[in-house]
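# Report on the structure
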Amino acid sequence: MPKRELTGLEKAAILLMVLGPEISSAVLKQLPESDIERVTYQIANTTTVDNDEKFAVIHEFLQMNEAQQYLLHGGIKYAREILEKTLGPAKANELIKKLTESSKIRPFSLIRKAEPKQLVNFISNEHPQTIALILAYLEPEQAAIVLSSLPEEMQTDIAKRIALMERTSPEIVRQVESVLEKRLSSLVEHDFASVGGIATLVDILNRVDRGTEKTILESLEAEDQELADEIRKRMFVFEDIINLDDTSIRRILRDVDSKDLALALKGSSQEVAQRIYKNMSQRAAEMLKEDIEFLGPIRLRDVEEAQQRIVQVIRRLDETGEIIISRGGEDALII
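Residues numbered from 1 in each chain as written. Predicted model: local features only at pLDDT ≥ 70, side-chain atom pairs only at ≥ 80, totals over all residues. Heavy atoms only, no water.

Counting residues in hydrophobic clusters, the biggest one holds 36 residues, and the most contacted among them are Leu 135, Val 146, Leu 147, Ile 158, Leu 201, Leu 205 and Ile 231. Mapped by element, the contributors of at least two residues to this core are α7 (116-123), α8 (128-137), α9 (140-149), α10 (152-164), α12 (198-205), α13 (210-223) and α14 (225-233). If one sorts the elements of this core by residue count, α8 sits on top with seven residues. Counting 28 residues, the second-largest nonpolar core is a separate cluster that includes Ile 241, Val 256, Leu 263 and Val 311. (Core = buried A, V, L, I, M, F, W, Y, C linked by side-chain atoms within 4.5 Å. Buried < 20%, exposed > 50% of the residue type's maximum accessible area, 1.4 Å probe, protein only. Helix = DSSP H or I, 4+ residues; strand = E, 2+ residues; numbered from the N terminus.)

Okay, here's the thing in structure tokens:
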């Protein structure tokens, strides 16, 4: 046992120190800037950590992770039952309370485990605001599939509702959840839940097919130009390759499938194609041009899917910090 009661900040610092720089840096990237500053300051001011403190922090982290898995797979009642049998009622209540306070318990956990195609049939007849609320709670990849599969005339309306959604009353969430997941209504926190917003919509749109993305953005521009502009500023589309620096383009080309590149450029602008050719050897560029010529007539859908796969590579490299996508404002500053 540690000699003293550690604060949450101290525990976080110790855990990151134990995990090592590579894993810790990946974890820190997921935190808000204010939390990163607090944790790194604590790490900088932590000179020594005895073995008892290390063991206690790691043990608590493993317990919290195990409790979280119980919650995700069986709900709060199941998690409490298993934890009580394993650790006793007092420790079980402590872990459940910590998970609740840290907002790790989210509504619609059963729905998040369902197949997206099943969800489309399950929610397609609901009111657009209800669908928007559900999608905001899903994982972005799952929400993207559902949004893409909904009727085209609904997509823009739902996307706009997600973007403009800020805080939803827990009572409303309970009512929706009780219809969809009667067993999970007790998981809603007793506070207003922050969900939705532009960031949520961008996360979803970054994962939908390019046709759906284009339809939604064009419709939003017609309805609300200011909102559409704000969403576009936070997104990256295939044509934005022209805004990347040469080093980033060369890094991207290393991970892009050559067949995808030929398909993508088949339907791109000359400006995009020239930026790609510029960052290839003369021989490679000539071979790529030949591949494009040999493709012949291609379905627009195949071109868009290839472009979307390349965009996914670009976004992945941006997330790992291997390239930088400038999105304006503070994000545009490079030091």
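This part is about helix α18 (residues 282-295). Its 14 residues give α18 an end-to-end C-alpha distance of 20 Å, which sits within 8% of 20 Å, the value for a rise of 1.5 Å per residue. Turning to α18, its buried residues number three or more, namely Ala 285, Leu 288 and Ile 292. Relative to the axis of α18, the buried residues are bounded by an arc of 60° and lie together on one face. Of the exposed residues in α18, those oriented more than 90 degrees away from the buried face are Gln 282, Arg 283, Glu 293 and Phe 294. Packing partners of the buried residues in α18 comprise α16 (258-266) and α17 (270-278). Just downstream of α18, Gly 296 is the residue with a positive phi angle, here 70°. (Expected span 1.5 Å × (residues − 1). Arc of directions from axis to C-beta. Contact = heavy atoms within 4.5 Å.)

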